[in-house]
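Structural overview for review
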Amino acid sequence: MTTHRAPLTRTELADLLTDAAQSVSGILTAEYPTAPSRSYLHPVLGALAAGPRVVGELNDRLEGFVAAEPRPATPAGLFTLASYASALGWLTESFAELTASVDQICTRVGIPTEPRVPVFTAPDDAERDGEFDFAFSALELAAIRTAAEAAGLAPDDYVEVLSESLLAASRITDACMEISSGLLEDAAYVLDEATDHVWLGDGPGSLPTLVRSLLARMEAAE
């Protein structure tokens, strides 16, 4: 059953994009309690826990926006819809990639692998400390060994999975920041009094920020 409403004003359309941007940026400050045995996942657990909720909320808002009558038909409404949908698609894909990365980390930790050349292990503490001095301080080395022991991992394994976790966290952070920034730019464009005649056409300037970003990435990949 659809809901009848008056056509959304430019201010309401901009608010829709702004609220979405705030929801996306909030993912980056989400916290999730991390057990010492899983400390290598700490960089990604907050985002991993908050992401699905935000994606679900944004999807519900999009469905409501599209389903209510009258449906978006003005240039400003269609521009907003394109911006919102591209943001939601990008965010969904980014969290699929994050989930896959975390799954790989968990699989790596939970399934024994063939012995590898140690990243920074040595037969005894004296030799190992000599290896580490050029990369880590004594306090950092002690913290790594303590965290690795709590996680039940060799220090070199711990550093490797922590590095993968930090890389995954960096990727989702970059994605959320770009999505949030793009939504805010589009909100400002829709709200600007000079854009009463927002239009969608063939020129790149008429496309939402994230759509232009996605097209640019596709062209760069070719």
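Calculation notes
- Residues numbered from 1 in each chain as written.
- Predicted model: local features only at pLDDT ≥ 70, side-chain atom pairs only at ≥ 80, totals over all residues.
- Heavy atoms only, no water.
- Phe/Tyr/Trp six-rings, centres within 6.5 Å; stacked < 30°, edge-to-face > 60°.
- Helix = DSSP H or I, 4+ residues; strand = E, 2+ residues; numbered from the N terminus.
- Buried < 20%, exposed > 50% of the residue type's maximum accessible area, 1.4 Å probe, protein only.
- Axes fitted to C-alpha atoms, helices over the stretch in contact; angles between N-to-C directions.
- Parallel < 35°, antiparallel > 145°, perpendicular 65-115°, else oblique.
- Contact = heavy atoms within 4.5 Å.
- Nonpolar A, V, L, I, M, F, W, Y, C, P; charged D, E, K, R; others polar.
- 1 Å grid on protein atoms, 1.4 Å probe; cavity = no way out; pocket = protein on both sides within 12 Å on 5 of 7 lines; lining within 4 Å.
- Points joined across faces, edges and corners; volume = space filled by probe spheres on them.
- Expected span 1.5 Å × (residues − 1).
- Left-handed = near helix turned anticlockwise from the far one by under 90°.
- Salt bridge = Lys/Arg side-chain N within 4 Å of Asp/Glu carboxyl O.

Turning our eyes to something else, we now look at the packing of aromatic side chains. The tally for this structure, following the rule as stated, stands at two aromatic pairs. Centre to centre, the rings of Tyr40 and Tyr158 are 6.2 Å apart; their planes meet at 85°, and the pair counts as edge-to-face. In this pair, Tyr40 is assigned in the loop between α1 (10–26) and α2 (42–67) and Tyr158 in helix α6 (residues 155–191), connecting sequence segments 118 residues apart. Each member of the pair, Tyr40 as well as Tyr158, carries the same accessibility label: buried. A ring pair is formed by Phe79 and Tyr189, whose centres lie 5.0 Å apart and whose planes are at 45°; its orientation type is tilted.

The subject of this paragraph is the packing of helix α5 (residues 138–151) against α6. Two elements in contact, α5 and α6, have axes separated by 9 Å at closest approach and are oriented at 90°. Between α5 and α6, the angle falls in the class roughly perpendicular. Together, Ile144, Ala147, Ala148 and Ala151 of α5 and Pro155, Tyr158 and Val159 of α6 make up the contact between the two elements. For the contact of α5 with α6, a count of residues per class yields seven nonpolar, no polar and no charged.

In this structure, the largest pocket spans a volume of roughly 330 Å³. Surrounding the largest pocket, 15 residues form its lining, Trp90, Ser94, Glu97, Ala175 and Arg217 being those nearest its centre. For the lining of the largest pocket, the secondary structure elements donating two or more residues are α3 (75–110), α6 and α7 (209–221). Top element by residues in the lining of the largest pocket is α3. It accounts for seven residues. The residue inventory of the lining of the largest pocket, partitioned by class, reads six nonpolar, three polar and six charged.

Now for the environment of Ile179. Mapped onto the elements, Ile179 comes out in helix α6. Ile179 sits 92 residues away from Ala87 along the chain, and the two C-alpha atoms are 5.9 Å apart. Once residues lying within four places of it in the same chain are set aside, the contact partners of Ile179 are Val24, Ala87, Trp90, Leu91 and Leu210.

Once that is clear, we can look at α1. Look at α1: 24 Å from first C-alpha to last across 17 residues, which is about the 24 Å you get at 1.5 Å a residue. For α1, every residue scored as buried is listed here: Leu13, Ala14, Leu16, Leu17, Ala20, Ala21, Ser23 and Val24. Taken together, the buried residues of α1 touch α2, α3 and α6.

It is at 10 Å that the axes of α2 and α3 come closest, and there the two elements cross at 150°. As far as their axial angle goes, α3 and α2 are roughly antiparallel. Crossing angle aside, the handedness with which α2 passes α3 is left-handed. Along the contact surface, α2 presents Val44, Ala47, Leu48, Gly51, Val54, Val55, Leu58, Asn59, Arg61, Leu62, Phe65 and Val66, while α3 presents Gly77, Thr80, Leu81, Tyr84, Ala85, Leu88, Leu91, Thr92, Phe95, Leu98, Thr99 and Val102. A class-by-class count of the residues in the contact of α2 with α3 yields 17 nonpolar, six polar and one charged.

Turning our attention to the pattern of salt bridges. Scanning all chains against the criterion turns up two salt bridges. Of the charged contacts, one joins Glu57 and Arg53 as a salt bridge, the two residues approaching to 3.4 Å between their closest N and O atoms. Taken as a pair, Glu57 and Arg53 lie in helix α2 at a separation of four residues, close to a single helical turn. Given the relative accessible area of 32%, Glu57 is considered partly exposed. Accessibility expressed as a relative area gives 47% for Arg53, which makes it partly exposed. Arg108 is paired through a salt bridge with Glu160; the nearest N and O atoms lie 3.0 Å apart.

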